[in-house]
Amino acid sequence: RKEVEQDPGPFNVPEGATVAFNCTYSNSASQSFFWYRQDCRKEPKLLMSVYSSGNEDGRFTAQLNRASQYISLLIRDSKLSDSATYLCVVTDSGGSYIPTFGRGTSLIVHP
Amino acid sequence: NAGVMQNPRHLVRRRGQEARLRCSPMKGHSHVYWYRQLPEEGLKFMVYLQKENIIDESGMPKERFSAEFPKEGPSILRIQQVVRGDSAAYFCASSPGIGGRSGEKLFFGSGTQLSVL
């Protein structure tokens, strides 16, 4: 199965900071992209989809760069509650459309 | 609306016993995925099922592991003759199905933590 790579971190930032994560994927035919959030080994929860045109949801902005095969997540005005592991997910267009997860990037927001 | 239901939350087995993990997808979802997460690791795909069909089991170990999603009832992940290395969190996710971007969004259950003594 194709690879999805993330910097494991942790990213340690103060409240109010802006932080960005990248995720690279190896299969140029990948079709769909998502960011999930996982708290303390609980179940992952969908944070947002990532579209070619980019998308924004409040303090969160996701971007896709197909040419360089990476997606990014930008968090503005970080809150303590943003502390979590952020998982990049890529679905390939060929085969059976299995969502492949990166190992995740750990974010710690401190007062 | 009930989300994805997994049980049990915690399962303790001795080496050599069988573990049966259950997953009921969200209402209206016909696709089920099983993932395994080892300590300090990411989620690894195991198997993808639709009702009465295994679509992709490329992530399943060749021996001791099996999965089903019968016409009636939950999806079952079965691990026979468990070993200590099977200790992990097993997450089930469901989706509405392929067809547009929404079909690939996964909704996860709270997982089963398997501990093998």
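Preceding this paragraph is the structure being described.
Residues numbered from 1 in each chain as written. Chains lettered and ligands numbered in written order. Predicted model: local features only at pLDDT ≥ 70, side-chain atom pairs only at ≥ 80, totals over all residues. Heavy atoms only, no water.

Enquirer: Kindly report on the overall build of chain A, identifying the contributing residues and their values.
Expert: When helices and strands are tallied, chain A shows zero helices and 11 strands. Walking chain A from its N terminus toward its C terminus, one meets helices and strands in the order β-β-β-β-β-β-β-β-β-β-β. Computed over the C-alpha atoms, the radius of gyration of chain A is 14 Å, within 12% of the 13 Å expected from 2.2 N^0.38 for a compact globule of 111 residues. Considered along the principal axes of its C-alpha atoms, chain A spans approximately 45 × 30 × 20 Å. Among the 111 residues that make up chain A, the fraction classed as buried is 48%. Within chain A, contacts between residues separated by at least 24 positions form 58% of all contacts whose residues are at least 6 apart in sequence. About 5,100 Å² of surface is accessible on chain A, with carbon and sulfur atoms providing 49% of the total. Side-chain charges in chain A split into 11 positive and 11 negative, and the spacing between the mean points of these groups amounts to 4 Å. (Helix = DSSP H or I, 4+ residues; strand = E, 2+ residues; numbered from the N terminus. Rg over C-alpha atoms; globule rule 2.2 N^0.38 Å. Buried < 20%, exposed > 50% of the residue type's maximum accessible area, 1.4 Å probe, protein only. Contact = heavy atoms within 4.5 Å. Areas by Shrake-Rupley, 256 points an atom, 1.4 Å probe, with all protein chains shown as cover. Lys, Arg positive; Asp, Glu negative; His and termini not counted. Charge placed at Lys NZ, Arg CZ, Asp CG, Glu CD.)

Enquirer: Let's hear about the nonpolar core: which residues, and what values?
Expert: In this structure, A:Phe21, A:Trp35, A:Ile71, A:Leu73, A:Ile75, A:Tyr86 and A:Leu107 are the most contacted members of the largest nonpolar core, which totals 23 residues. Listing elements by their share of this core, those giving two or more residues are strand E3 (19-25), strand E4 (30-38), strand E5 (45-50), strand E7 (60-65), strand E8 (70-75), strand E9 (84-92) and strand E11 (105-110) of chain A. What A:Ile71 contacts, discounting residues up to four positions off in sequence, is A:Phe21, A:Asn22, A:Cys23, A:Tyr25, A:Phe33, A:Phe34, A:Trp35, A:Val50, A:Gln63, A:Leu64 and A:Cys88. If you look at the next biggest cluster of nonpolar residues, it comprises 22 residues, including B:Val47, B:Met60, B:Ala67 and B:Leu114. (Core = buried A, V, L, I, M, F, W, Y, C linked by side-chain atoms within 4.5 Å.)

Enquirer: Please provide a residue-by-residue account of the interface of chain A and chain B, values included.
Expert: Contacts between the two partners involve 22 residues from chain A, matched on the other side by 23 residues from chain B. Carbon and sulfur atoms supply 55% of the area buried between chain A and chain B, which totals about 2,000 Å² over both sides. Contact with chain B buries area across many residues of chain A, yet A:Arg41, A:Phe101 and A:Arg103 alone supply 26% of it, more than any other trio. On inspection of chain A and its partner chain B, the count reaches four residue pairs in polar contact (both at pLDDT 80 or more). When contributions to the side of chain A that touches chain B are tallied by element, the ones reaching two or more residues are E4, E5, E9 and strand E10 (99-101) of chain A. Of all the elements, E4(A) adds the most residues to the side of chain A that touches chain B, at five residues. (Buried area = accessible area lost by both parts, 1.4 Å probe. Polar contact = N/O pair within 3.5 Å; in protein donor to acceptor, adjacent residues only side chain to side chain.)

Enquirer: Any details on the pattern of salt bridges? Residues and values, ideally.
Expert: Residues and elements named next belong to chain A. On inspection of all chains with the given rule, the structure shows seven salt bridges over all chains. Note that Arg59 and Asp82 form a salt bridge whose closest N and O atoms lie 2.8 Å from each other. With Arg59 in the loop between strand E6 (55-57) and E7 and Asp82 in the loop between E8 and E9, this residue pair connects regions lying 23 residues apart in the sequence. Relative accessible area serves as the criterion here: at 3%, Asp82 is assigned to the buried category. (Salt bridge = Lys/Arg side-chain N within 4 Å of Asp/Glu carboxyl O.)

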